[in-house]
Amino acid sequence: MDDGSDSVETSIGMLRKLRDSGVDLAVATSHYYRWDEDIDSFLERRSEAIGKLRPHMDASCAGIVPAAEVAFYFGIEEDPKLGGLCVGDTKALLVEMPFAPWGTYEMNALSSLCFGRGFAVILAHYERFEEYQKNNRIYEEILRLPLTVQINAHSLLTGRGAKKWLRMFEEGRAHLIGSDCHNLTTRPPNLAEARQILRQKAGEEAVRKTDRRAEALLLGEKP
Ligand SMILES: [Fe+2]
């Protein structure tokens, strides 16, 4: 679909690795860029891709829920077709914010998505935007919206920021760990390691909370 898996074999390998690490269902969030493609064409391409995969999937693989990582775009909050990009048939929408300073437009658009249109917005890899938001109050203030905040497994495992992101889980300000896995080599599935760290640093209850939030979203509940 994108810069992720390069073949059916890689995808199956990733689903097996996920299954081995205790994942029942993988929410497959292929990148969606409005400026490159319209939503209908993306959805068609996605169902073809899943159709190629299904015949090769067996009990050793995690299941797949189709979804998308929707790159924020101008007018996103008014797009009538946006619902097609949600996680399965829920109203949970994974949004990748701009890699640039966020302003009041981004804040208002997310607010419209949550309150006006009833989406359960998940912010993809919140931590990856920090370096673009120096002294930008909106980076913190946006967390006052009823969003689900996702942090990448990798960021809990390495780097100077790891402590800070783990603390966000402890404080209930981060809710989901994303694998952001793209392949089996450079960006492999690594959720098990991140859950282990979260368990060690924040306790079993913190891990359970992430599971409960994921379950609630998959069941169509809103935070
Ligand atoms: Fe992303």
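Bear in mind that the values here come from a model prediction, so they are computed numbers and not experimental data.

1. Re the packing of aromatic side chains
Ring pairs (aromatic) are described by centroid distance and by the angle formed between their planes. Taken as a whole and judged by the stated rule, the model has 10 aromatic pairs. Ring centres of tryptophan 102 and phenylalanine 129 lie 5.3 Å apart, and the angle between their planes is 55 degrees; on these two criteria the pair is classed as tilted. Of the two residues, tryptophan 102 sits in the loop between strand E3 (92-96) and helix H3 (104-116) while phenylalanine 129 sits in the loop between strand E4 (120-123) and helix H4 (138-141), which places them 27 residues apart along the sequence. Take tryptophan 102 and phenylalanine 129: they sit in the same class, and that class is buried. Their ring planes at 55 degrees and their centres at 5.4 Å tell us that tryptophan 102 and tyrosine 139 sit as a pair that is tilted. In this pair, tryptophan 102 sits in the loop between E3 and H3 while tyrosine 139 sits in helix H4, placing the two residues 37 residues apart along the sequence. For the pair tryptophan 102 and tyrosine 139, a shared accessibility class is recorded, and that class is buried. By way of ring pairs, the aromatic residues Phe99, Trp102, Tyr126, Phe129, Tyr132 and Tyr139 are connected into one cluster.

2. Side note on the coordination of the iron ion
Every protein donor of the iron ion is accounted for by Glu69 (OE), Glu96 (OE) and His125 (NE2), and the metal-donor separations fall at 2.0 to 2.2 Å. Within one chain, the residues serving as donors to the iron ion are arranged as E-x26-E-x28-H. Highlighted residues: glutamate 96 in strand E3 and histidine 125 in the loop between E4 and H4, separated in sequence by 29 residues.

3. Points about the side chain of threonine 10
Within the secondary structure layout, threonine 10 lies in helix H1 (residues 8-20). On the accessibility criterion, threonine 10 (14% relative accessible area) is buried. Not counting residues up to four positions away in its chain, the partners in contact with threonine 10 are Ser5, Asn183 and Leu184.

4. Regarding a nonpolar patch on the surface
On the surface, a cluster of nonpolar side chains totalling about 220 Å² of accessible area is made up of Leu25, Val27 and Leu218. Structurally, leucine 25 can be placed in strand E1 (residues 25-32).

5. Here we look at H3
Helical geometry note: an α-helix holds 3.6 residues per turn, so side chains three or four residues apart project in the same direction. Residues of H3 that are buried: Glu106, Met107, Ala109, Leu110, Leu113 and Cys114. All buried residues of H3 fall inside an arc of 165 degrees around its axis, so they share one side. The outward face of H3, more than 90 degrees from its buried face, is lined by the exposed residues Thr104, Phe115 and Gly116. Contact partners of the buried residues in H3: E4 and H4.

6. A closer look at the packing of helix H7 (residues 191-202) against helix H8 (residues 204-218)
Where H7 meets H8, the axes come as close as 6 Å, and the angle between the chain directions of the two elements is 135 degrees. With respect to H8, the element H7 is oriented oblique. Residues Arg195, Leu198, Arg199 and Ala202 of H7 lie in contact with H8, whose contacting residues are Glu204, Ala206, Val207, Thr210 and Asp211. Looking at the contact of H7 with H8 residue by residue, the class counts come to four nonpolar, one polar and four charged.

7. Points about the sheet that holds strand E5 (residues 148-152)
Across the sheet, which stays open at both edges, the six strands sit in the order E1-E2-E3-E4-E5-E6 with parallel pairing between neighbours. Sheet topology places E1 and strand E6 (176-178) at the edges, where each strand pairs with a single neighbour. Direction aside, neighbouring strands of the sheet carry axes that sit 35 degrees apart on average. By the bridge criterion, four bridges tie E3 to E4 in an arrangement that is parallel. Bridging from a neighbouring strand, alanine 92 pairs with alanine 120 of E4.

Conventions we followed
- Residues numbered from 1 in each chain as written.
- Predicted model: local features only at pLDDT ≥ 70, side-chain atom pairs only at ≥ 80, totals over all residues.
- Heavy atoms only, no water.
- Phe/Tyr/Trp six-rings, centres within 6.5 Å; stacked < 30°, edge-to-face > 60°.
- Helix = DSSP H or I, 4+ residues; strand = E, 2+ residues; numbered from the N terminus.
- Buried < 20%, exposed > 50% of the residue type's maximum accessible area, 1.4 Å probe, protein only.
- Donors = N, O, S within 2.8 Å, 3.2 Å for Na, K, Ca; no water.
- Contact = heavy atoms within 4.5 Å.
- Patch = residues over 30% accessible without salt bridge, like charges linked within 9 Å, V, L, I, M, F, W, Y side chains within 5 Å.
- Areas by Shrake-Rupley, 256 points an atom, 1.4 Å probe, with all protein chains shown as cover.
- Salt bridge = Lys/Arg side-chain N within 4 Å of Asp/Glu carboxyl O.
- Arc of directions from axis to C-beta.
- Axes fitted to C-alpha atoms, helices over the stretch in contact; angles between N-to-C directions.
- Parallel < 35°, antiparallel > 145°, perpendicular 65-115°, else oblique.
- Nonpolar A, V, L, I, M, F, W, Y, C, P; charged D, E, K, R; others polar.
- Pairing = 2+ DSSP bridges.

Keep in mind these values describe shape, not function.
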